[in-house]
Each structure stands twice: as C-alpha cells, then as structure tokens.
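Listed here are the chains, written in short residue letters.
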Amino acid sequence: MGKVALVGKITHVPSMYLSELDGPRKGTRQDAIDGHIEIARRCREAGVDTIVVFDTHWLVNASYHLNCAPHFEGTYTSNELPHFISNMPFAIPGNPELGQLLAKVANEHGVETLAHHATTLGPEYGTLVPMRYMNADQHFKAISVSALCTVHYLNDSARLGWAMRKAVEDHYDGTVAFLASGSLSHRFAQNGLAPEFAFKVWSPFLETLDHRVVQMWENGEWADFCGMLPEYAAKGHGEGFMHDTAMMLGVLGWSEYEGKAEIITPYFGASGTGQINAVFPVTPVTGKAIPKAQASTADGFSLVSSRL
C-alpha cells in the first residue's frame, strides 16, 4: 500500500543553528544545511508526506518510544549546549495515525514500542535541527523515535526499523522517509578544547575508522558493516550507541541490503565528532537477514505497558 521513498543518515550538529546567527561562526555550517535542503527536495520530489526521525538525543531507559503528537510547537533551548541552541522557535505537523500504526506493527514483530500521541512531550534537537532546514514551511509531517537507547539490543533496533518499513508498505496509504539523525564517531572534545576542535575530529583513530565506514557504505559492504556495528558503536563512541544506524539498516534490510550510499554532505568534523549527510536507495528485500527479537525472548520478560 504505502512506500518508503528515502532513507538517510544525517547530521544534527547544533553549530548549524549557530551558523545562522551573526558572529564568528556565521555561515560555517552552510554545507550541512544545504545537505538537509537537498534531502528535503528529494523527499518532495518523491511525494513524501511524513518524515520519521530516529533521534539520538531522545534518551530512553525502557522500551522504544514514538512521539507522534498531532502538532509540535514551541521555543527550544538545548540543555546540553545552551550556548549553541538558545530560544530556537519550531512548529512541525505530526502524524498520530502513522505513529500508532508503526508502534502496533513493531509490537507484532516482538519489539515493545509505545506511541505517544496525547502528550506534552516535545521533540529533542536530533529532530528539531533537521526539521528546521528540511521543513521550514511545514510541508512534511514528522514523527520522532527514541534512539538514545541505554539498555537496548542493536538487534532489536534493527528489527524495529524493519517493522516500521513493513507497517508503511503493508498498511499505510502514503509515502514516508526515514532519517537516522546522529553522528558517526561521537567523542566530544575534552572540556576546554571545544573551540580548538570546532572543525576537527577528536583523534586520528576515530577519523580513520569513520572514513573506512563511509567507504564501506559507498561500496555496499553491508554484511561486514552489520557484523562490526556493535564493536564500532563501542570503540567508535557511536552517538546513541548507534541505535539510529541499526534502525536505519533495519529499514533497508540489514545485511541483505545491496544498495550503496550517496554522500550529500561529505564527512566533516564538529566539536570532535564525525558527521555526514548521506542517502541510501531503497531496494526490494525479503527481510531474511533481519535479526530476531532479543529482549522479548529473555527469561522473565514482561511488557512494560502491562505494568503501567
């Protein structure tokens, strides 16, 4: 019925917002902003009605969660970097119906997921920053998915992504894009050194590792990358433990996927972290490589929703 038209891995560095403002950083992240604008252009061209963002700034300690309120509006200041993002206005249409559908099908796939449609919960900046540049005119609806998952299995995150694809393709009357909003390596510069590392990666090891990963994506080396993802997430200081990347690869088909990345904004350093904007062609897959549900098969497992 529905269609997944675009999948991407995107940056959300707060210096993009700082780049808008008068001062020494003005214009310095225009390449990343332009990358977001290009991705939005492709979404419009493909007829996308809703963008689902896997947000590595939404921390959760149990289950998976979707923020699918009917509308998001307010003024946002980052609690992490209030000197970068301060008093940033936002207004974004939501899609409660799709959000509840995504959660329903994820649960049917053995991944406990709760959709929050009647909520005062606001999006985090992993969603707000890309929506600022991709959706200034509120053309797209948006759903935010928790992807800073502190006690979760990467296998379940991959399965979540696959379940969401199936929800769209089998049950939704519309066109959707999925964006993994998070960095590659995410080792921030040590306190006091942030200005020195404003445009650099923290270490040669992490930068070399990231470049090799980007090369694997461009070459379509997905079986190898999926196999190394847990270790890369740990040793590469992956943002959100790279659950956004696992979700994204679940949408694409995990290690069965044979597509190749197209780099929209080339790899760059920001406050010590490694960043990129890239898109991945959505290709037919069977789902045979998608990992089995892991948390829900553990001894003693019970649904959080049954205990609320």
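Scroll up for the structure.
Residue numbering note: each chain is counted from 1, following its sequence as written. Local features in a predicted model are, by the rule used here, given only for residues with pLDDT of at least 70; side-chain atom pairs are given and counted only at 80 or more, and totals for whole chains, interfaces and linings are based on all residues. Side-chain descriptors were evaluated using all non-hydrogen atoms of the structure, hydrogens and water having been removed beforehand.

Caption draft 1: Local environment of the environment of Trp58. Put simply, DSSP marks the helices as runs of H or I at least four residues long and the strands as runs of E at least two long, and each gets a number from the N terminus on. Inspection of the secondary structure assignment puts Trp58 in strand E2 (residues 50–60). Sequence separation of Trp58 and Ser146 is 88 residues, and the distance between their C-alpha atoms is 5.0 Å. In this structure, Trp58 is in contact with His65, Leu66, Asn67, Leu121, Glu124, Ser144, Val145, Ser146, Ala147 and Leu148, ignoring residues within four places of it in sequence. Here, two residues are considered to be in contact whenever any of their heavy atoms come within 4.5 Å of each other.

Caption draft 2: Representation of the packing of helix H2 (residues 30–45) against helix H4 (residues 125–134) within the structure. Interaxial angles span 0 to 180 degrees and are taken between N-to-C directions of axes, which are lines fitted to C-alpha atoms, for helices over the stretch in contact. Following both chains from N to C, one finds H2 and H4 inclined at 70°, their axes separated by 8 Å at the closest point. Between H2 and H4, the angle is such that the two are roughly perpendicular. Crossing hand, H2 versus H4: right-handed. Across the interface between the two elements, Ile33, His36, Ile37, Ile39 and Ala40 of H2 pack against Val129, Pro130, Tyr133 and Met134 of H4. When residues are grouped by polarity, Ala, Val, Leu, Ile, Met, Phe, Trp, Tyr, Cys and Pro land in nonpolar, Asp, Glu, Lys and Arg in charged, and all others, Gly among them, in polar. Partitioned by chemical class, the residues of the contact of H2 with H4 number eight nonpolar, one polar and no charged. Each angle receives one of four descriptions, namely roughly parallel if under 35 degrees, roughly antiparallel if over 145, roughly perpendicular if within 65 to 115, and oblique otherwise. Each helix crossing is assigned a hand: it is left-handed if the near helix lies turned anticlockwise from the far helix by less than a right angle, otherwise right-handed if that turn is clockwise.

Caption draft 3: How the structure looks around helix H5 (residues 154–171). Here the expected length of a helix is defined as 1.5 Å per residue gap, with one fewer gap than residues. A rise of 1.5 Å per residue sets the reference length of H5, with its 18 residues, at 26 Å; its end C-alpha atoms lie 25 Å apart and thus fit the reference within 8%. When a residue's accessible area, from a 1.4 Å probe over protein chains only, is under 20% of the maximum for its type it is buried; when over 50% it is exposed; and in between it is partly exposed. Judged by how many residues are buried, H5 sits mostly within the fold: 13 of 18 residues are covered.

Caption draft 4: Inspection of unusual backbone geometry at higher detail. Although it is not a glycine, Phe241 sits at a positive phi angle of roughly 60°. Within the secondary structure, Phe241 sits in the loop between helix H7 (222–235) and helix H8 (243–252). According to the relative accessible area criterion, Phe241 is partly exposed, its value standing at 44%. Phi angles above zero are rare outside glycine, and Trp254 is one such case at about 60°. With respect to the helices and strands, Trp254 occurs in the loop between H8 and strand E9 (262–270). Judged by its relative accessible area of 9%, Trp254 is buried.

Caption draft 5: Seen up close, the layout of surface pockets. One number sums up the size of the largest pocket: a volume of about 330 Å³. Here the term cavity refers to a set of points on a 1 Å grid, laid over the protein atoms alone, in which a 1.4 Å probe fits but cannot get out; the term pocket refers to an open set having protein on both sides within 12 Å along at least five of seven lines, with lining residues being those that place an atom within 4 Å of a point. Every residue lining the largest pocket is counted, 24 residues in all, and those nearest its centre are Leu81, Phe84, Phe188, Ala194 and Ser271. The residue makeup of the lining of the largest pocket, split by class, is eleven nonpolar, eleven polar and two charged. Grid points are joined across faces, edges and corners, and a volume is the space filled by probe spheres set on the points. There is about 250 Å³ of room inside the second largest pocket. Along its surface, the second largest pocket is lined by 15 residues, and Ala62, Ser63, His152, Ala295 and Phe301 are the ones closest to its centre. Here the residues of the lining of the second largest pocket sort into eight nonpolar, five polar and two charged.

Caption draft 6: A look at the packing of aromatic side chains. Any pair of Phe, Tyr and Trp rings, taking the six-membered ring for Trp, is counted once the centres come within 6.5 Å. Such a pair is stacked with planes under 30 degrees apart, edge-to-face with planes over 60 apart, and tilted for the rest. What the rule picks out here adds up to ten aromatic pairs. Aromatic side chains Trp217 and Phe225 sit 5.7 Å apart centroid to centroid with 85° between the ring planes, which places their arrangement in the edge-to-face category. Exposure class is identical for Trp217 and Phe225. Each is buried. Taking 5.8 Å as the distance between ring centres and 65° as the angle between the ring planes, the aromatic pair formed by Trp222 and Phe280 counts as edge-to-face. Highlighted residues: Trp222 in helix H7 and Phe280 in strand E10 (residues 273–280), separated in sequence by 58 residues. Here Trp222 matches Phe280 in class, with each residue buried. Through a chain of ring-to-ring contacts, the aromatic side chains of Trp217, Trp222, Phe225, Tyr232, Tyr257 and Phe280 assemble into a single cluster.

Caption draft 7: Broad picture of the sheet that holds strand E7 (residues 141–149). Strand order in the open sheet made by the eight strands is E6-E3-E7-E2-E8-E1-E10-E9, with mixed pairing throughout. The open sheet terminates on both sides in strands that have one partner only, identified here as strand E6 (113–116) and E9. Strand after strand, the sheet turns through a mean of 20° between neighbouring axes, direction not considered. Both E9 and E10 contribute to a ladder of six bridges, which runs antiparallel. A pair of strands is considered paired only if DSSP assigns at least 2 bridges between the two.

Purely geometric stuff here, so don't read any function into it on its own.
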